[in-house]
Structures are given as structure tokens and as C-alpha cells.
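The primary structure of each chain is shown beneath.
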Amino acid sequence: MKDVVLIPGDGIGPEIVSATKRAVEATGAEICWHVREAGAAQIDQYGTPLPPDTVAAIRQYGVALKGPITTPVGKGFRSVNVVMRKDLDLYANVRPAKSRKNVPTRFENVDLVVIRENTEGLYAGIEHMIGDVAAESIKLLTRKGCQRICRFAFEYARQNNRKRVTCVHKANIMKCTDGMFLAIFREIAQEYPDITSDDMIVDAMCMRLVQVPETFDVMVMPNLYGDILSDLCAGLVGGPGLASSGNIGLDSAIFEAVHGSAPQIAGQGIANPAALMLSAGMMLRHLGMQAQALLLENAVQAAISDGTCLTADLGGSASTDQFADKVIACMDRQRELT
Ligand code: NAD
């Protein structure tokens, strides 16, 4: 039995979390769920959107599955997601992007992974107004931060049978920060002679990704580029409803969909839970439950390929729960066949 903290979040969060929990349980994975809350609704009771007990539970149990949490734009509290990643030092954000049968996209055969540094760079929140004439944001990269994310990318490549790691940067302009990131990437690459390494400037990478995305494998980059490129890559393979992610640190990990709380469709039971289900697959792998992870991932793929029970974002009319039922039926079918 593995302990997992379950954070429903807000917006569409509770709906997709409940559907995903059902699908995970249908794999036979023995999980003891510890439900904890986070988000604006917690402010009245705790004075903060991130109750200390929620962070303490993730520290205690080491793994969380999380629904999206709304962040006010341009005012109000700092993103709960960013604070969690920083407090728990979840320095590596892993975001796979893979083409899937029956999902209409401009490209085929995309199978890449964006590895984003998650705690430093322009997301460190070091910014202030200079009177009312200017605003300043400081991009902070540390040698330790660059080393551990680059090493993580090569280790990930090795463990997942990937052949190539590409460093994405803007070292031609930001010679100190990105220059250090690239230099450290090249140093660490020497320790992994079995894996091809190269680098590309971020703007050139954006162009190549919308021309020949199938040629890329693992990509590692500082925080802001990772945020933007991973959404770009999600778009290449069918949009937000399918993009999964893991935020990994030395002591704990949080798995969540890349998309947000989609307030426009919250409460209607029509959100696509597939991205969170695929994130749960990553979580099961992280927990060492490889067979259950494969069962879940294959069932999500089969439910999408089948095409008869898709949610509205993928061109269908199924509800969140109907899609979950289909995934569970696909698991039963896989069991019958084996
Ligand atoms: P969003 O991802 O919530 O929505 C973008 C578009 O995709 C919308 O049209 C939405 O309806 C659709 N969409 C997203 N997920 C979907 C799903 N599962 N099924 C069907 N359609 C889906 O992005 P946004 O509107 O920029 O952000 C909304 C809120 O979410 C903001 O407050 C933002 O800060 C927050 N957010 C949270 C996280 C997180 O918790 N990790 C991540 C991103 C955004």
C-alpha cells in the first residue's frame, strides 16, 4: 500500500481528480489517499491559499496527485503551484508530448519530453517597481540549480531509453545566466557518452518545433522557456486535455495536468480528465507500480483511439465520468486479452 496526497484543487479540479482516482483504483494499485486542500477557498480559514497541513502531508508521504488551482492575474496571492514547487524544492518539471491515434493534429510521430527547471530563473519572484517609471525582475540561476537539472535530464534519458538531450537557451544574449546553463550542460554531457547531446537557441527551437517536431527527443531548459515550450509542445499533440506532468524533487513529487482550472467549464462535468490520468500514470511509475501505470496509460490511449467517448475538447460529447467509464472498460478489455 502506497500513501498519496490527493489535492482536488478548484475549477474543473475536483471533477477530473475524482474521475482519475476511480481510474487509478481500477488498475488495482493499492493506494491510501490523503485528501488535502489548496486554493483561494482556504484563505478564510487558514489566512493563506496553501494550508501548512497540505505541504506537511506532501513532505510526510512524498507523493501528491493534484488538480489545477486558480491564480489571480496581476494581483492577489502568488501562484500556489509556484510556491509549492519552491517550498518542496521540486526542481524538475517533466512534460512528455506524444502523438496519439485519433487525435487530430498537424503532426504525426511526435514523442518528445520537455524537462523544465522549476525553481529558479524568472520564476524566483524577485521583482519590484522602481518608483512608477520602471519595473525590474531578476533572473537568478545558480550553479547547483543548473547542475542538478542537467543531470536529471541525462538520467531521465538513460532510464527511459531516450537517445538524445538538447539544451534550449538564449546564451548568445544572456551570456552570464544562460551562458552558465549551457556550459554546465556541456560539462555534464561528458559523463553520458551513451547519449547524444546538442543545444539550440530558444527562438530557433520554437521554429524547428513547428516544422519538424518529430526530430526532437529530450529537451532541458531554464524555467520560463520550459513553461512556454511545454505548452507549445502540448499544442503539437492535441492541446491541453492530453498534456501530463510531474514536478520532481529529491524528497517529494507532485503529479498534475499541464492545463489550468478552466473556470469557463467548471462544474459542468465536461472537462477532459485524460491529462490528469496520464499524469497519474507517471505517478504510478514513480511509485514503482510499472504494470498498473502501463495498464492505465494503454487504457487512456485505447479510449481516445476508440473515438466513441471523447470529451468536447477532442470533438466528442462525452462527460468527464463517461470518459472515465470508458477508460475503465478499456482496462477490463486489456485484462481479458492477456
Ligand atoms: P486553462 O488551461 O485552464 O484553459 C485554457 C483552455 O483550455 C480553456 O479554453 C479551457 O476551457 C481549456 N481546457 C483546459 N483544460 C481542459 C480540460 N481538462 N478539458 C477541456 N478543456 C480544457 O488555462 P487558463 O485559462 O490560462 O488558466 C485558468 C486558471 O488556471 C488560471 O488561474 C491559471 O493561473 C490556472 N492554472 C493553474 C495551473 C496549475 O494548477 N498547475 C496551470 C495552469 C494554469
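For the structure, check the block above.
This structure is a prediction, so every number in the text was calculated from the model and none was measured.

Some words on the layout of surface pockets
In this structure, the largest pocket encloses a volume near 920 Å³. In this structure, the largest pocket is lined by 27 residues; those nearest its centre are Pro96, Tyr156, Asn160, Met282 and Arg285. Of all the secondary structure elements, the ones that give two or more residues to the lining of the largest pocket are β4 (92–98), β5 (111–117), α5 (143–159), β11 (244–248), α9 (274–286) and α10 (290–306). Looking at side-chain class alone, the lining of the largest pocket contains 14 nonpolar, six polar and seven charged residues. Of the volumes computed, that of the second largest pocket is approximately 450 Å³.

Things to note about the nonpolar core
Grouped together as the largest cluster of nonpolar side chains are 70 residues, with contacts concentrated most on Ile31, Met283 and Val327. Ignoring sequence-local partners within four residues, the contact set of methionine 283 consists of Val4, Ile31, Trp33, Val63, Leu65 and Phe255. The next biggest cluster of nonpolar side chains, apart from the first, holds 18 residues, and it includes Ala97, Phe216, Cys233 and Leu236.

Some thoughts on unusual backbone geometry
Although it is not a glycine, asparagine 161 adopts a positive phi angle of roughly 55 degrees. Inspection of the secondary structure puts asparagine 161 in the loop between α5 and β8 (164–169). Positive phi values are uncommon outside glycine, yet alanine 262 reaches one of about 40 degrees. Mapped onto the elements, alanine 262 comes out in the loop between β12 (253–257) and α9. Taking the relative accessible area as the measure of exposure, alanine 262 reaches 23% and is therefore partly exposed.

Considering the site of the ligand
Around the ligand, a shell composed of 21 residues is seen, among which Ile69, Thr71, Gly260, Ala262 and Asn272 lie nearest. Within the backbone of asparagine 272, one N or O atom sits 2.9 Å away from a nitrogen atom of the ligand. Look at the ligand: alone it shows 810 Å² of surface, and the protein chains cover 69% of it. In the shell around the ligand, the residues fall into nine nonpolar, eight polar and four charged.

Some details on a nonpolar patch on the surface
Residues Ile126, Ile138 and Leu140 make up a contiguous nonpolar surface patch of roughly 210 Å² in combined accessible area. Looking at the element boundaries, isoleucine 126 is found in the loop between β5 and β6 (127–130). Under the relative-accessibility criterion, isoleucine 126 is labelled partly exposed at 33%.

Some details on the packing of aromatic side chains
For the coordinates displayed, the defined rule picks out three aromatic pairs. Between the aromatic rings of tyrosine 91 and phenylalanine 152, the centroid separation amounts to 6.0 Å while the plane-to-plane angle is 85 degrees, which identifies the pairing as edge-to-face. Of this pair, tyrosine 91 sits in the loop between α4 (80–87) and β4 while phenylalanine 152 sits in helix α5, and the two are 61 residues apart along the sequence. Like tyrosine 91, the residue phenylalanine 152 is buried in the burial classification. By way of ring pairs, the aromatic residues Phe154, Phe185 and Tyr192 are connected into one cluster.

Analysis parameters
- Residue numbers run consecutively from 1 along every chain, following the written order of its sequence.
- Owing to the predicted nature of the model, reporting of local features is limited to residues with pLDDT of at least 70; listing and counting of side-chain atom pairs is limited to 80 or more, with chain, interface and lining totals taken over all residues.
- Side-chain numbers come from the whole structure's heavy atoms, not from hydrogens or water.
- Method remark: on a 1 Å grid restricted to protein atoms, a set of points is classed as a cavity if a 1.4 Å probe fits but cannot get out and as a pocket if it is open with protein on both sides within 12 Å along at least five of seven lines; lining residues have an atom within 4 Å of a point.
- Grid points are joined across faces, edges and corners, and a volume is the space filled by probe spheres set on the points.
- For helices the rule is a DSSP run of H or I covering at least 4 residues; for strands it is a run of E covering at least 2, with both sets numbered from the N terminus onward.
- Three classes are used, and their members are as follows: Ala, Val, Leu, Ile, Met, Phe, Trp, Tyr, Cys and Pro are nonpolar, Asp, Glu, Lys and Arg are charged, and the others, Gly among them, are polar.
- In this text, buried Ala, Val, Leu, Ile, Met, Phe, Trp, Tyr and Cys residues form a nonpolar core when linked through side-chain atoms within 4.5 Å.
- Accessible area is worked out with a 1.4 Å probe on protein chains only. A residue is then buried under 20% of its type maximum, exposed over 50%, and partly exposed in between.
- The criterion used for residue contact is that any of the two residues' heavy atoms lie within 4.5 Å.
- We call a residue near a molecule or strand whenever a single non-hydrogen atom of that residue lies within 4 Å of it.
- By the criterion applied in these results, polar contacts are pairs of N or O atoms within 3.5 Å in which, for protein atoms, one can donate a hydrogen and the other can accept it, and in which residues neighboring in sequence qualify only through two side-chain atoms.
- Here the accessible surface of atoms and residues is derived via Shrake-Rupley with a 1.4 Å probe, and residues count as covered only by protein chains that are part of the display.
- Patches here are clusters of residues that have more than 30% relative accessible area and form no salt bridge, with a 9 Å joining cutoff for like charges and a 5 Å cutoff for nonpolar side chains (Val, Leu, Ile, Met, Phe, Trp, Tyr).
- Salt bridge criterion: a side-chain nitrogen from Lys or Arg within 4 Å of a carboxyl oxygen from Asp or Glu.
- When two rings of Phe, Tyr or Trp (its six-membered ring) have centres within 6.5 Å they constitute a pair, described as stacked for plane angles under 30 degrees, edge-to-face for angles over 60, and tilted for the intermediate range.

Read these as geometric descriptors, not functional statements.
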